[in-house]
Amino acid sequence: MEFSTQDKGRYTEVTPSGRLNMVAAPKLREVIDGVVSAGGRRIVVNLAETTFMDSSGLGALIGCLKLARQSGGDLRIAAVQPQVNMVLELTSMHRVLTPHATAEQAFPND
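Residues numbered from 1 in each chain as written. Predicted model: local features only at pLDDT ≥ 70, side-chain atom pairs only at ≥ 80, totals over all residues. Heavy atoms only, no water.

## Structural notes on helix 2 (residues 55-70)
Right, so step 1: Taking 1.5 Å per residue, 16 residues should reach 22 Å; helix 2 reaches 22 Å between its end C-alpha atoms and fits that length.
Right, so step 2: Residues of helix 2 that are buried include every one of Gly57, Leu58, Ala60, Leu61, Cys64, Leu65 and Ala68, and no others. What you see down the axis of helix 2 is that its buried residues fit within an arc of 155°, all on one side. Opposite its buried face, helix 2 presents the exposed residues Ser55, Lys66 and Gln70, each directed more than 90 degrees away.
Right, so step 3: Among the structural elements, strand 2 (12-20), helix 1 (25-37), strand 3 (42-46), strand 4 (50-53), strand 5 (74-78) and helix 3 (82-90) are those in contact with the buried residues of helix 2.
Right, so step 4: Taking the backbone nitrogen of Ser56 as reference, a side-chain oxygen 3.0 Å away marks Asp54 as the first, capping residue of helix 2.
Right, so step 5: Directly after helix 2, the chain includes Gly72, whose backbone phi takes a positive value near 90°. (Helix = DSSP H or I, 4+ residues; strand = E, 2+ residues; numbered from the N terminus. Expected span 1.5 Å × (residues − 1). Buried < 20%, exposed > 50% of the residue type's maximum accessible area, 1.4 Å probe, protein only. Arc of directions from axis to C-beta. Contact = heavy atoms within 4.5 Å. Polar contact = N/O pair within 3.5 Å; in protein donor to acceptor, adjacent residues only side chain to side chain.)

## Side note on the packing of aromatic side chains
Right, so step 1: One pass over the full model with this rule turns up 1 aromatic pair.
Right, so step 2: An angle of 25° between the planes, with centres 6.3 Å apart, marks the rings of Tyr11 and Phe107 as stacked. One end of the pair, Tyr11, is in the loop between strand 1 (2-7) and strand 2; the other, Phe107, is in the segment after helix 4 (103-106), and 96 residues separate them in sequence.
Right, so step 3: Given the relative accessible area of 5%, Tyr11 is considered buried.
Right, so step 4: Of note, Arg19 hangs over the ring of Phe52, and the distance from its end group to the ring centre comes to 4.1 Å. (Phe/Tyr/Trp six-rings, centres within 6.5 Å; stacked < 30°, edge-to-face > 60°. Lys NZ or Arg CZ within 6 Å of the ring centre and 35° of its normal.)

By themselves, these are just geometric observations and shouldn't be taken as functional.
Structural data, given as structure tokens:
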């Protein structure tokens, strides 16, 4: 899995590409930790290119959400693919990590 990070002004967009599983989960945590350490407070994880997520990936997203909130920020998800959405709904985590249609809609002008 590869990760790209882009500063969008109002937020930092992190885009994982591939399968978010037990192999990639630690890397996601590392990337988000780097964003938070660099001062990023609003983070959008754009899942448009994430084709698969297992419980390890979900755990990583929850851990990253906690990290962002503990630093006074927030983490949101966007462009969720069908398989990833199924995992979120089966675990009821879509209530905690509410999916947004696009990264731009995750943090509206506020």
